[in-house]
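Close look at the chain arrangement
Given next are the chains, with one letter for each unit.
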Amino acid sequence: MDGYPRPDYRPERELELYRRVLVCDGAMGTMLHSAGVPLDRSLSELNVVKPHLVRDLHAAYLAAGADIIQTNTFDANRLRLARTGLQDSVAEINLSGARLAREAVRESGSTALVAGSVGPVMSAAAPRIPYRDREPILREQIAALASWVDLIMLETFGDIESLEQAATVALAECDLPVVAQLTFGDDGRTLRGEEPREAAAALAALKVAAIGANCTVGPAVLLEVVAELAAGCTLPISVQPNAGVPRRLGRQLRYARNTEYFAEAARQFAASGATLVGGCCGTTPAHIRAVARSVRQLQPARVAAGTSPGQPRSVIRVVPPKPDPGPPAGWPHQGRFVVVAAVRAPRGQDVAQFTADAAQLVSAGAEILAITDQETSAARVSPMAAAAVLRERAGTDVILNMETAGRSLAALEADLLGGYALGVRTVVCRSGTPWVAGDYPEPYSPGDVDSVRLITALAALNEGVDWRGVTAPDRTRFVIGACVHTAGADTGQELGRTAEKAEAGAHFLVTDLIYDVGPATRLLRELRSRGVDLPVIAAFAPFGDPKAITRLIHEVPGAAVPSGADDTRATPRNEPADPVSAVLDSVASLAGLIAGVLIHAPSRPDERLTDLITGLAAIRRAS
């Protein structure tokens, strides 16, 4: 494009929002998804690799009557682009997105404005970004957009604090109007739980051009939110609701076809004080065409009522004092050798026997109990419920294994916060395996959560940020564990994966079941040499089924063959005559490399297990 990238008709700061109701465009991401683009792809990358898709979508919204179109740059900051290796293409992708929008306006002959779309830095993929580190990320993206757009559109921010920061950066970086939009949940509050009037007062003080709401919910919830925002200040109000609730059909998302409903909602938004109406996820050019027809020639309600723009109304923003977070969460047994007894959640309703068996292990010398069951498709007591019961009735700390396979991050976090409220604070994060219940197991989907993502999410909760990247009202103090596989055939891969878990925020490690102490010793020493110096709990199952080693040899992908086993036969070659002595000898061999031992109990505690726990307790007292 020749000459200065932005035309001479640069809009006034008010963007005409005090004179008439303007129409913004609709969804970008869900429209591209419906065109065959996977949801897990960087959508802003399409500005470079498939520009015709983006340009054609802009043209469709302009033809539908949009007064403002938004660049395809919502996810185009350095941090989000890093997920697909594009972190060094921030300027190129943002400039390409702005050019495409500008070209679409020029080719249509429209006088529409181009808004540079900027989303939050923190997200589900990266929830732990310190406040001070977000500012340069925002500044880089806004600077790339500023010379090519007419205004900056801050979208889908989940809390006032992060939106205030983004608006402050935008106002300092350029002289363009800034529209600041929060996203609200079904309860009519921000994702952090803040009231619309509180948000209106805070954002109006920043001298932004307009404030508003977008995404997450449909028109029904946002009608009241818009009215509350309008009551909280005299700034123009923007609103871009979703088309409704998505429904998954195979690999596609489907939204309701509700264009006339959307058009009527736009009129109601305008009557409640909105001066910029558009759409977000699930909306299409058909929705925007219906909205444009419904609000054509409408004046903003407050102008029609004789309310003149000026300073925000006097609304006191109540900011509760943040509680003292105290020392950061971490391994609470530093410098001590711990003895952990693993028990299985009851298969039936006999909780009394379950707790009695656990109490017997505590009496023998186990200071911590662990629920080591994998999640299962069978109907049984959940490991989380079993851990909460044990903690209450056995009077000791409990370690919970939490598997992520087949579960969303939202569901995992909800369960863990429920357990946290009941006192279950120590969690070992495992990726797990797909459930098999007779049918052919489905492979992981791209959206599956692995152990590293769960570790990151728990570490973020400890810092006061939830899985979405939204600041939470309170901080947790989870003690986060991770697995280290000492029997992996690819030692280099396992060392790298374990280092990744440590970097994500793990406080301690738990080994897989150790059947061969030699490889375990070598791997744990190598971990230390690579700078991974977390406390390690070594796991043993001396009284388990002898088929366990057979399964390890022949059925577990990527497992190394224990030195005492025959890799051509279905049984181990040498079984220890005295399992108790064998474990005690192994613990002695691992001295200096481990901070404790986890013993898997047989189905019912017996004298052998009691002797082993007692022997390990003696090691603890001597350490």
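Further up the page is the structure itself.
Described below are features of the structure shown in this document. (Residues numbered from 1 in each chain as written. Predicted model: local features only at pLDDT ≥ 70, side-chain atom pairs only at ≥ 80, totals over all residues. Heavy atoms only, no water.)

Scanning the protein from terminus to terminus reveals 21 helices and 18 strands. Of all 623 residues assigned to the protein, the portion counted as buried reaches 52%. Within the protein, residue pairs in contact and separated by at least 24 positions form 80% of the contacts whose partners lie at least 6 positions apart. On the protein, roughly 27,500 Å² of surface is accessible, and the fraction owed to carbon and sulfur atoms is 51%. (Helix = DSSP H or I, 4+ residues; strand = E, 2+ residues; numbered from the N terminus. Buried < 20%, exposed > 50% of the residue type's maximum accessible area, 1.4 Å probe, protein only. Contact = heavy atoms within 4.5 Å. Areas by Shrake-Rupley, 256 points an atom, 1.4 Å probe, with all protein chains shown as cover.)

A word on the packing of aromatic side chains. One pass over the structure, following the stated rule, counts 2 aromatic pairs. Where Trp331 meets Phe508, the ring centres are 4.6 Å apart and the plane angle is 35°; that geometry is what we call tilted. With a gap of 177 residues between them, Trp331 in the loop between α12 (301-304) and β11 (338-343) and Phe508 in strand β16 (residues 508-513) connect regions that are remote in the sequence. We note that Trp331, like Phe508, is buried. Relative to Phe478, the ring of Tyr420 lies with its centre 4.8 Å away and its plane at 55°, an arrangement referred to as tilted. In this pair, Tyr420 sits in helix α15 (residues 409-421) while Phe478 sits in the loop between α16 (451-462) and β15 (479-484), placing the two residues 58 residues apart along the sequence. Residue Phe478 is classed as buried on the basis of its relative accessible area of 0%. Directly above the ring of Tyr420 sits Arg425, whose terminal nitrogen or CZ lies 3.7 Å from the centroid. (Phe/Tyr/Trp six-rings, centres within 6.5 Å; stacked < 30°, edge-to-face > 60°. Lys NZ or Arg CZ within 6 Å of the ring centre and 35° of its normal.)

Before going further, it helps to examine the pattern of salt bridges. Once the charged atoms of two side chains with opposite charge are near each other, the side chains can pair. Considering all chains together, one arrives at 22 salt bridges under this definition. When the shortest N-O distance is used, the salt bridge between Glu140 and Arg78 registers 2.8 Å. Residue Glu140 is located in helix α6 (residues 131-146), and its partner Arg78 is located in helix α4 (residues 78-81); the two are separated by 62 residues in the primary sequence. Look at Arg78 and you get partly exposed, because its relative accessible area is 31%. Across the pair Arg189 and Glu195 runs a salt bridge whose closest N-O atoms are separated by 2.8 Å. Residue Glu195 is classed as partly exposed on the basis of its relative accessible area of 34%. (Salt bridge = Lys/Arg side-chain N within 4 Å of Asp/Glu carboxyl O.)

Next up on the list: unusual backbone geometry. Positive phi, normally seen in glycine, also occurs at Lys207, with a value near 65°. Structurally, Lys207 is set in the loop between α8 (196-204) and β6 (210-214). Taking the relative accessible area as the measure of exposure, Lys207 reaches 56% and is therefore exposed. In this model, Thr216 sits at a positive phi of 70°, which is unusual for a non-glycine residue. Relative to the elements of secondary structure, Thr216 occurs in the loop between β6 and α9 (219-232). Given a relative accessible area of 36%, Thr216 falls into the partly exposed group.

A word on the pairing of β16. Of all 6 residues making up β16, 5 are buried, and the element is well covered by its neighbours. Summarising the sheet, β15 and β16 pair through 4 bridges and their orientation is parallel. Across the sheet, residue Ala482 finds its bridge partner in β16, namely Leu509. In the classification by handedness, the crossover that spans β15, the intervening helix α17 (residues 491-504) and the parallel β16 is right-handed. Where β16 meets strand β17 (residues 536-540), 3 bridges bridge the pair, whose relative direction is parallel. Along β17, the bridge assignment pairs Leu513 with Ala539. Handedness of the crossover joining β16 and β17 through helix α18 (residues 517-529) is recorded here as right-handed. (Pairing = 2+ DSSP bridges. Right-handed = clockwise from strand over helix to strand, strands pointing away.)

In contact at an axis separation of 10 Å, helix α7 (residues 160-173) and α8 are set at 20° when each is read in the N-to-C sense. Between α7 and α8, the interaxial angle falls into the category roughly parallel. In terms of crossing hand, the pair formed by α7 and α8 is right-handed. Contacts between α7 and α8 pair Ile160, Leu163 and Glu164 from the former with Glu198, Ala199, Ala202 and Leu203 from the latter. The residue inventory of the contact of α7 with α8, partitioned by class, reads 5 nonpolar, no polar and 2 charged. (Axes fitted to C-alpha atoms, helices over the stretch in contact; angles between N-to-C directions. Parallel < 35°, antiparallel > 145°, perpendicular 65-115°, else oblique. Left-handed = near helix turned anticlockwise from the far one by under 90°. Nonpolar A, V, L, I, M, F, W, Y, C, P; charged D, E, K, R; others polar.)

Another aspect to go through is the sheet that holds β17. The strand order β11-β12-β13-β14-β15-β16-β17-β18 describes a closed barrel built from 8 strands, whose pairing is parallel. Averaged over all pairs of adjacent strands, the angle between strand axes in this sheet comes to 25°, irrespective of strand direction. In this sheet, strand β18 (residues 596-600) lies alongside β11 in parallel orientation, the contact comprising 5 bridges. Its bridge partner being in β18, Val340 is matched across the sheet by Leu598.

Turning our attention to the side chain of Thr404. Looking at the element boundaries, Thr404 is found in the loop between β13 (397-403) and α15. On the basis of relative accessibility, which here comes to 0%, the residue Thr404 falls in the buried class. Among the polar contacts listed, one links the side chain of Thr404 to the backbone oxygen of Ser431, at a separation of 3.3 Å. Among the polar contacts made by the side chain of Thr404, one reaches the main-chain carbonyl oxygen of Val449 at a distance of 2.5 Å. Ignoring sequence-local partners within four residues, the contact set of Thr404 consists of Leu412, Arg430, Ser431, Val449, Asp450, Ser451 and Leu454. (Polar contact = N/O pair within 3.5 Å; in protein donor to acceptor, adjacent residues only side chain to side chain.)

A few words now on the environment of Glu195. One can find Glu195 in the loop between β5 (178-182) and α8. Along the backbone, Glu195 and Phe184 are 11 residues apart, and their C-alpha atoms lie at a distance of 9.3 Å.

What follows concerns helix α20 (residues 579-589). Where α20 is concerned, the buried positions are Pro579, Val580, Val583, Ser586 and Val587. For α20, the buried positions fall inside an angular range of 130° around the axis, keeping them on one side. The exposed residues of α20 that point more than 90 degrees off its buried face are Asp585 and Ala588. On its buried face, α20 is in contact with α18, β17, β18 and α21 (607-622). (Arc of directions from axis to C-beta.)

Attention now goes to empty space enclosed by the protein. In total, this model carries 3 cavities of 30 Å³ or more according to the counting rule given. The space that makes up the second largest cavity amounts to roughly 50 Å³. Surrounding the second largest cavity, Leu509, Leu524, Leu527, Arg528, Val532, Leu534, Val536 and Leu593 form its lining. The element contributing the most residues to the lining of the second largest cavity is α18, with 3 residues. Split into classes, the residues belonging to the lining of the second largest cavity amount to 7 nonpolar, no polar and 1 charged. (1 Å grid on protein atoms, 1.4 Å probe; cavity = no way out; pocket = protein on both sides within 12 Å on 5 of 7 lines; lining within 4 Å. Points joined across faces, edges and corners; volume = space filled by probe spheres on them.)

We now examine the packing of helix α13 (residues 351-364) against helix α14 (residues 383-394). Angle between the axes and distance between the axes are the two parameters that describe a pair of packed helices. Where α13 meets α14, the axes come as close as 10 Å, and the angle between the chain directions of the two elements is 60°. In terms of their interaxial angle, α13 and α14 are classed as oblique. Crossing geometry of α13 relative to α14 is assigned as right-handed. Touching Val351, Phe354, Thr355 and Ala358 of α13 are Ala386, Val389, Leu390 and Arg393, all from α14.

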